[in-house]
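Inside the fold
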Amino acid sequence: MNMAAMNILSQPWSSTASLCLYYFNNHNHYNISNYKLHSFSHPYNFSLPSSLCAPTKSNHAASRLSQMPTHLLKSGSGCSWIRDNSTCCNTADSNDCSRLGPSYSVFPTKPAEVSSVQDLFEFICSGPLFNKLGLTPEKVAESVDKWLAYGLHLCRLFRLNELYLTVPEKARLYHYYVPVFLWCEDQISQHRSTFKDGEDISPLVIGFSAPQGCGKTTLVFALEYLFQITGRKAATVSIDDFYLTAEAQAKLREEIPGNALLELRGNAGSHDLAFSVETLTGLTQLTKEGMKMKLPRYNKSAFNGRGDRADPSTWPEVEGPLTVILFEGWMLGFKPLPVEVVKAVDPQLETVNKNLEAYYNAWDKFIKAWIVIKINDPSCVYQWRSQAEIAMREAGNPGMSDEEVKDFVSRYLPAYKAYLPTLYAEGPNGSDPKHLLVIEIDEGRNPLPGN
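First, a word on what this report is: a plain description of the structure on this page. This structure is a prediction, so every number in the text was calculated from the model and none was measured. (Residues numbered from 1 in each chain as written. Predicted model: local features only at pLDDT ≥ 70, side-chain atom pairs only at ≥ 80, totals over all residues. Heavy atoms only, no water.)

**Some points on the overall build of the protein chain**
- Helix and strand counts for the protein chain stand at 19 helices and 11 strands.
- Classification of the 451 residues of the protein chain by burial places 56% in the buried group.
- In the protein chain, 78% of the contacts between residues at least 6 apart in sequence involve partners at least 24 apart.
- If you sum the accessible surface of the protein chain, you get close to 18700 Å²; carbon and sulfur atoms cover 50% of it. (Helix = DSSP H or I, 4+ residues; strand = E, 2+ residues; numbered from the N terminus. Buried < 20%, exposed > 50% of the residue type's maximum accessible area, 1.4 Å probe, protein only. Contact = heavy atoms within 4.5 Å. Areas by Shrake-Rupley, 256 points an atom, 1.4 Å probe, with all protein chains shown as cover.)

Below you can see the structure in the form of structure tokens.
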């Protein structure tokens, strides 16, 4: 461990923001205007915004949080690790904070005050993903400034008091979101290194394959924010954004009567694949300043929770050059299986399995790096989905009843049962093990020890 790292680890944690300033201002081997990340084995140069050096009350974070799907800010959603009184907003932010409403943690809520950076350093090194990501105490010590800054910005984003984080909050930030972000940075560095000087560098597409309700949307939300505050443009899309319109879904239901797996949105066959290809192709071509494109969005609350494609006038716009595209979905990477295998699970899967054959060219071939969030029991999806729908209703949006949730999720479970074992054993369709991160989580959506 170098002397600079030892010095920073010995500093008191009296003020996290001033601690970051101390570190950045007293270690002249880091060039702030042209910061060089030593992220794993592939250095990646980018301009570090001043906001990363000195996090303050962030209007940007408040604005970004307001863009988060409402149900993710409520109890039982992907943010259930946030305790009820976790907020770093002061009086000036009270109006913004009121939009959040209460959120509750399923873990003990006793504050775990960090007394020094040494404590945080040791906590980081105890994380369940530490060894899997090839981290070492030396690497963490050398990049502790980044860990601090990224953690601080996530505290601002989720309105947490960085000086009084609970253990679940610390774990979610420093054992999960920040390590995964560092892995993504490394994947981007490797991707960019394959291009020659002067070539247009296409954005890296990172796929997130994870069951419904397991927290993938919150994870992607946090990652996109970290990319933004480090000066890199990111776009987020979901397979949900490529669902058929309500009218087209109704037509599909008429064409295949009696197949409950295709009656509603969800399974292979209920997506507009041509629209998917058009969108993903367009995004990967946003390599220059001034190039713009609208991102499609899906309104799950429409038609009493059955959903419909959102009005294009509401779609957000992204501008190039993009560095990364974050593409998430519950069935990304699923591979077609022998007919007898899927029929043994559910005879209705035969049509779904046939439809799945077209999905590699529509989705998976665009993805060059993968994150798979693994669960042991797909029945958790019932509970997670129910929590999300309750949160949507509490927020004043239409949502499904408990019975409707049971009916809805039951249409996904056969696919989980059929395709997850192969996904976990072999990886996503077309994936490279060198660009694949598998994270096993528990029912609380936290990485399990032994990852």
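Picking up after the structure, the text goes on.
**Re the pattern of salt bridges**
- Evaluation of the coordinates by the stated rule reveals 14 salt bridges.
- Residue K288 pairs with D200 through a salt bridge whose shortest N-O separation is 2.5 Å. Taken as a pair, K288 in the loop between α12 (273-284) and β5 (292-294) and D200 in the loop between α9 (167-192) and β3 (204-209) lie far apart in primary sequence, 88 residues in all.
- Classification of K288 as partly exposed rests on a relative accessible area of 41%.
- A salt bridge links E403 to K406; its shortest N-O distance comes to 3.9 Å. Here K406 and E403 lie together in helix α18 (residues 402-410), a separation of three residues that amounts to about one turn.
- For E403, a relative accessible area of 56% gives the class exposed. (Salt bridge = Lys/Arg side-chain N within 4 Å of Asp/Glu carboxyl O.)

**So, the packing of aromatic side chains**
- Per the stated rule, a full pass over the model turns up 16 aromatic pairs.
- Ring plane angle 85 degrees and centroid distance 5.8 Å describe the contact between W330 and F334, whose orientation is recorded as edge-to-face.
- Residue classification places W330 among the buried positions, given a relative accessible area of 3%.
- Arranged with centres 4.7 Å apart and planes meeting at 85 degrees, the rings of Y359 and W363 form a pair that is edge-to-face.
- Residue W363 is classed as buried on the basis of its relative accessible area, which comes to 1%.
- Through pairs of rings, three or more aromatic residues link up here, namely F242, F275, W315, F327, Y359 and W363.
- Positioned over the ring face of F123 is K170, at 4.2 Å from the centre of the ring. (Phe/Tyr/Trp six-rings, centres within 6.5 Å; stacked < 30°, edge-to-face > 60°. Lys NZ or Arg CZ within 6 Å of the ring centre and 35° of its normal.)

**Regarding the nonpolar core**
- Residues L154, Y176, V180, I206 and I371 are the most contacted members of the largest nonpolar core, which totals 58 residues.
- Per-element tally for this core: the top contributor is α9, with 11 residues.
- Leaving out residues up to four positions away in the same chain, I206 has contacts with C184, V324, I325, L326, F327, I367, A369 and I371.
- Core analysis: the second largest hydrophobic core is formed by 54 residues, L280, W330, M400 and A415 among them. (Core = buried A, V, L, I, M, F, W, Y, C linked by side-chain atoms within 4.5 Å.)

**Comments concerning the environment of S209**
- With respect to the helices and strands, S209 occurs in strand β3.
- For the pair S209 and E328, spaced 119 residues apart in sequence, the C-alpha to C-alpha distance is 6.1 Å.
- Setting aside residues no more than four positions away along its own chain, S209 makes contact with G329, W330, L332, W370, I371, V372, I373 and L423.
- Polar contacts involving the side chain of S209 include one to the main-chain carbonyl oxygen of L332, which spans 2.7 Å. (Polar contact = N/O pair within 3.5 Å; in protein donor to acceptor, adjacent residues only side chain to side chain.)

**Some remarks on the sheet that holds strand β10 (residues 369-374)**
- With parallel pairing, five strands are arranged side by side in an open sheet as β4-β9-β3-β10-β11. The outermost strands of the open sheet, each flanked by one partner alone, are β4 (234-238) and β11 (436-440). For this sheet the average axis-to-axis angle between neighbouring strands, irrespective of direction, equals 15 degrees.
- As defined by bridge partners, β3 adjoins strand β9 (residues 324-329) across six bridges and the pair is classed as parallel. From the neighbouring strand, F208 faces β9, where its bridge partner is E328.
- Sheet strands touched by helix α10 (residues 216-229): β3, β4, β9 and β10. Its angle to β9, the strand with the most contacts, is close to 175 degrees. (Pairing = 2+ DSSP bridges. Axes fitted to C-alpha atoms, helices over the stretch in contact; angles between N-to-C directions.)

**Let's talk about the packing of α9 against α10**
- It is the contact of α9 with α10, at a shortest axis distance of 10 Å, that shows an interaxial angle of 60 degrees. Relative to α10, the element α9 is oriented oblique. Once α9 is placed against α10, the crossing between them reads as right-handed. Touching Y176, Y177, V180, F181, C184 and I188 of α9 are T218, L219, A222, L223, L226 and F227, all from α10.
- For the contact of α9 with α10, the per-class residue count stands at 11 nonpolar, one polar and no charged. (Parallel < 35°, antiparallel > 145°, perpendicular 65-115°, else oblique. Left-handed = near helix turned anticlockwise from the far one by under 90°. Nonpolar A, V, L, I, M, F, W, Y, C, P; charged D, E, K, R; others polar.)

**Quick notes on the packing of helix α17 (residues 380-394) against α18**
- It is at 10 Å that the axes of α17 and α18 come closest, and there the two elements cross at 135 degrees. Here α18 runs oblique to α17, going by the angle between their axes. For the pair α17 and α18, the crossing hand works out as right-handed. Contacts between α17 and α18 pair V381, Y382, R385, S386, E389 and R393 from the former with D402, V405, K406, F408, V409 and S410 from the latter.
- Of the residues in the contact of α17 with α18, the class split is five nonpolar, two polar and five charged.

**Some words on the pairing of β3**
- Counting buried positions along β3 yields six of six residues, so the element is predominantly enclosed.
- Residues L204, I206 and F208 point to one face of β3 and V205, G207 and S209 to the other, with burial holding for every one of them.
- Relative to β10, β3 is paired through four bridges, and the arrangement is parallel. The partner of I206 across the bridge, within β10, is A369.

**Some details on the layout of surface pockets**
- Put simply, the second largest pocket is a space of about 270 Å³.
- If you go around the second largest pocket, you meet 16 residues; those closest to its centre are L264, F303, G305, R306 and G307.
- Among the elements that take part in the lining of the second largest pocket, helix α11 (residues 246-255) stands out by supplying four residues, more than any other.
- A per-class count over the lining of the second largest pocket returns seven nonpolar, four polar and five charged. (1 Å grid on protein atoms, 1.4 Å probe; cavity = no way out; pocket = protein on both sides within 12 Å on 5 of 7 lines; lining within 4 Å. Points joined across faces, edges and corners; volume = space filled by probe spheres on them.)

**Describing helix α8 (residues 144-158)**
- Between its terminal C-alpha atoms α8 stretches 21 Å, which fits the 21 Å expected from 15 residues at 1.5 Å a residue.
- In terms of residue burial, α8 counts as a mostly covered element, since 15 of its 15 residues are buried.
- Looking one or two places after α8, you find R159, whose phi comes out positive at around 55 degrees. (Expected span 1.5 Å × (residues − 1).)

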